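Coordinate analysis (summary)
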Amino acid sequence: MPSLLGIDNGLTVTKAVIFDADGTQLSVARRRVPQSMPHARWVERDMAGLWQATADAIKEAIALCGRPADDIKAVAATAHGDGLYLLDKDRRPLGPGILSLDSRAGKIVERWSADQVFEEALARTGQAPHVSAPSALLAWIREHEPARYGRIGHILACKDWLRFCLTGTIGTDRTEASTSFTDFSTQDYAPEAMRIFGLDDVFDALPPMAHSAAIVGHVTAEAAEMTGLAKGTPVACGLHDVTASALGMGGHEEGVLAVVAGTYSINEVVSSQPRVDPRWLCRNAIDAGRWNNMAISPASTANYDWFLDTFCRSEQEKASVDGDSIHELLAAEIDAALKKPSTILFHPYLFGSPYGDVASGGFVGLHGWHNRGDMLKAVLEGIAFNHRTHVEALRDGFAISEIRLTGGGSRNPAFVQMFADVLNAPVIVTSTDEAAAFGAALCAGAAVGIFATPQQGARQVGMTARQYEPDQASSAVFNERFSLYGRIAGALEPHWPDIEKLGRSETGGTA
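Rules used throughout
Residues numbered from 1 in each chain as written. Predicted model: local features only at pLDDT ≥ 70, side-chain atom pairs only at ≥ 80, totals over all residues. Heavy atoms only, no water. Pairing = 2+ DSSP bridges. Helix = DSSP H or I, 4+ residues; strand = E, 2+ residues; numbered from the N terminus. Axes fitted to C-alpha atoms, helices over the stretch in contact; angles between N-to-C directions. Contact = heavy atoms within 4.5 Å. Expected span 1.5 Å × (residues − 1). Buried < 20%, exposed > 50% of the residue type's maximum accessible area, 1.4 Å probe, protein only. Polar contact = N/O pair within 3.5 Å; in protein donor to acceptor, adjacent residues only side chain to side chain. UniProt positions renumbered as here; feature names shortened; annotations may be inferred. Phe/Tyr/Trp six-rings, centres within 6.5 Å; stacked < 30°, edge-to-face > 60°. Lys NZ or Arg CZ within 6 Å of the ring centre and 35° of its normal. Lys, Arg positive; Asp, Glu negative; His and termini not counted. Salt bridge = Lys/Arg side-chain N within 4 Å of Asp/Glu carboxyl O.

Observations concerning the sheet that holds strand E22 (residues 465–468)
A sheet is described by the order of its strands in space; here 7 strands give the open sequence E16-E17-E15-E14-E20-E21-E22, paired in mixed fashion. Each end of this open sheet is capped by a strand with a single partner; those strands are strand E16 (281–284) and E22. Neighbour to neighbour, the strand axes of the sheet diverge by 30° on average, direction disregarded. In this sheet, strand E15 (residues 265–271) lies alongside strand E14 (residues 256–261) in antiparallel orientation, the contact comprising 4 bridges. From the neighbouring strand, Ala261 faces E15, where its bridge partner is Ser265. In the packing of helix H14 (residues 372–397) onto the sheet, contacts are made with E14, E15, strand E17 (291–297) and strand E20 (402–406), and the angle to E15 comes to roughly 15°.

In structure tokens, the structure reads:
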């Protein structure tokens, strides 16, 4: 049976996953990709280092697979969306890549929100600009690094950089192209969209669009040497990781709400008609004539990871030495906390929020008799509450018949049950461990004719699934707590700018 390679590059880890054509995962290899934060709100990484880490992961995945490299019939990549990966006119990296956790453009977005840019952008592109959108980051570079701005040759997303490294070809897919500069009605690039942001002069630097399952190049000799792939292996265009995750768990379908509990709180539903609302981003789905409506914020399990890194270091070290799971080590604490009432509420706004980047995270209702397990429970609950904020917006706009969940949080049954209770709806979790990489692999398979379409491939492999039913008593408790959680956030909203000023240095940075 032929195999397929899906590359999934997240905000901290790049993965290479090899699948059989029937969806069986054959091997996976990971490499951490260091982030650089040279200033407050800047989150960057070295583009050459990212490619090297990805190439190393591919080589290891091939070795672990136990099959020859030429058994891999096609490759496709997915990666974090938004952010910015620039090439100069000689197709060389133009500075470090900027990640979607970056918020340096906050002042620009704040300025845009006070004039007509927000309204014009929403009306033309189907989405209001946010701090890590390519529009905002390019505007920041234009204002603060004009020399760099003048050297821009190609405006890429993360997965497009990996595609370029594999094939030497430049381009993007429909899902990624719609992050800032497409007209939502035509789904094509719009010069008017660039004008709204004052970026007319770099319109020609936008990459050409192709279908996610189109073959856009072949593995070059240089890439083959670095990765261990066979020279000439077809490479498909790939797609935004949000869409890839939905596809990989069978959720890139109309009526299915796909929830991704990862670094970002991702909540998305496909529609056959565009519907624009400031509460979500109306972007391109994989196919023409379909839209992917995404309600998102950088406020999901990154908060849980922060808590582990900050308050559970000894357990993390023990898990690393013993080969245990940190989540299993902490399970007893969390389970004990789940069985008792608590006054603690947590707003998971450490890296962003539905209220914008000026909001900050925090515990309220914390007392001296609470322990770490109580705080962990509150963090998980806050994450679920933030997802519910987005889910309720999408429920207002679209008919939803099914909810599917993926991401790191979906591997914890107690967390999934909490989601079902918080949303007061059944939640389905599939057997796909690496949903985003599998979504990329489905595009690769469709590109070489193994599947008729990526969506048919997702249906064809027959993923097993478990459905979690909401407990009505728990849902009633969570509903009351969610209401208070929202009222507190609303009360804090006018004070967040003043809170931020407390940590601002004389040079303008924020501590």
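Comments concerning helix H1 (residues 47–65)
Its 19 residues give H1 an end-to-end C-alpha distance of 27 Å, which sits within 8% of 27 Å, the value for a rise of 1.5 Å per residue. Of all the residues in H1, the buried ones are Met47, Leu50, Trp51, Ala53, Thr54, Ala55, Ala57, Ile58, Ala61, Ile62 and Cys65. At the N-terminal boundary of H1, the capping side chain belongs to Asp46, with an oxygen 3.4 Å from the backbone nitrogen of Ala48. Two residues or fewer past H1, Gly66 is found with a positive phi of approximately 80°.

Topic: the UniProt feature "domain: Carbohydrate kinase FGGY C-terminal" (unreviewed entry) in the protein
Per the UniProt record, "domain: Carbohydrate kinase FGGY C-terminal" (unreviewed entry) is found at residues 257–447. Regarding residues 257–447, the helix share stands at 43% and the strand share at 20%, and the terminal C-alpha atoms are separated by 26 Å.

Some points on the packing of aromatic side chains
Taken as a whole and assessed by the stated rule, the structure comprises 18 aromatic pairs. Following the ring pairs from residue to residue traces out a cluster consisting of Phe385, Phe478, Phe482 and Tyr485. Taking the ring centre of Trp42 as reference, the NZ or CZ of Arg104 above it sits at 4.0 Å. In this structure, Arg104 packs its charged tip against the face of Trp140, placed 5.0 Å from the ring centre.

Remarks on unusual backbone geometry
Of note in this structure, Arg91 is not a glycine but carries a positive phi near 65°. Note on placement: Arg91 falls in the loop between strand E6 (85–88) and strand E7 (97–98). Among the residues examined, Arg91 registers a relative accessible area of 38% and is labelled partly exposed. With phi around 65°, Gln187 is a residue other than glycine that occupies positive phi space. Using a relative accessible area of 4% as the deciding quantity, one classes Gln187 as buried.

Thoughts on the side chain of Lys377
For Lys377, the location among the structural elements is in helix H14. Buried and unpaired, Lys377 has no salt bridge, with Glu381 as the nearest side chain of opposite charge at 5.5 Å. Setting aside anything within four residues of it in sequence, one finds Lys377 in contact with Ala337, Leu338, Lys340, Ser342 and Met418.

Focus: the UniProt feature "domain: Carbohydrate kinase FGGY N-terminal" (unreviewed entry) in the protein
Per the UniProt record, the feature "domain: Carbohydrate kinase FGGY N-terminal" (unreviewed entry) sits at residues 4–248. Between the C-alpha atoms that bound residues 4–248 the distance is 14 Å, and the span itself is 36% helix and 23% strand.

Section: the pattern of salt bridges
Tallying each qualifying case throughout the model produces 34 salt bridges. Across the pair Lys159 and Asp173 runs a salt bridge whose closest N-O atoms are separated by 2.9 Å. Residue Lys159 is located in helix H6 (residues 158–167), and its partner Asp173 is located in strand E9 (residues 172–173); the two are separated by 14 residues in the primary sequence. Here Glu333 makes a salt bridge to Arg372, at a shortest N to O gap of 2.5 Å. Separated by 39 residues along the polypeptide, Glu333 in helix H13 (residues 326–338) and Arg372 in helix H14 bring together distant segments of the chain. Sharing partners across several salt bridges, the network here consists of Asp8, Lys15, Arg30 and Glu434.

Some words on the environment of Trp496
Structurally, Trp496 is set in helix H19 (residues 496–502). We classify Trp496 as buried; its relative accessible area is 2%. For Trp496 and Asp471, which are 25 residues apart along the polypeptide, the C-alpha to C-alpha distance reads 35 Å. When sequence neighbours within four positions are dropped, the list of residues in contact with Trp496 reads Tyr349, Tyr355, Val358, Ala359, Ser360 and Ala489.

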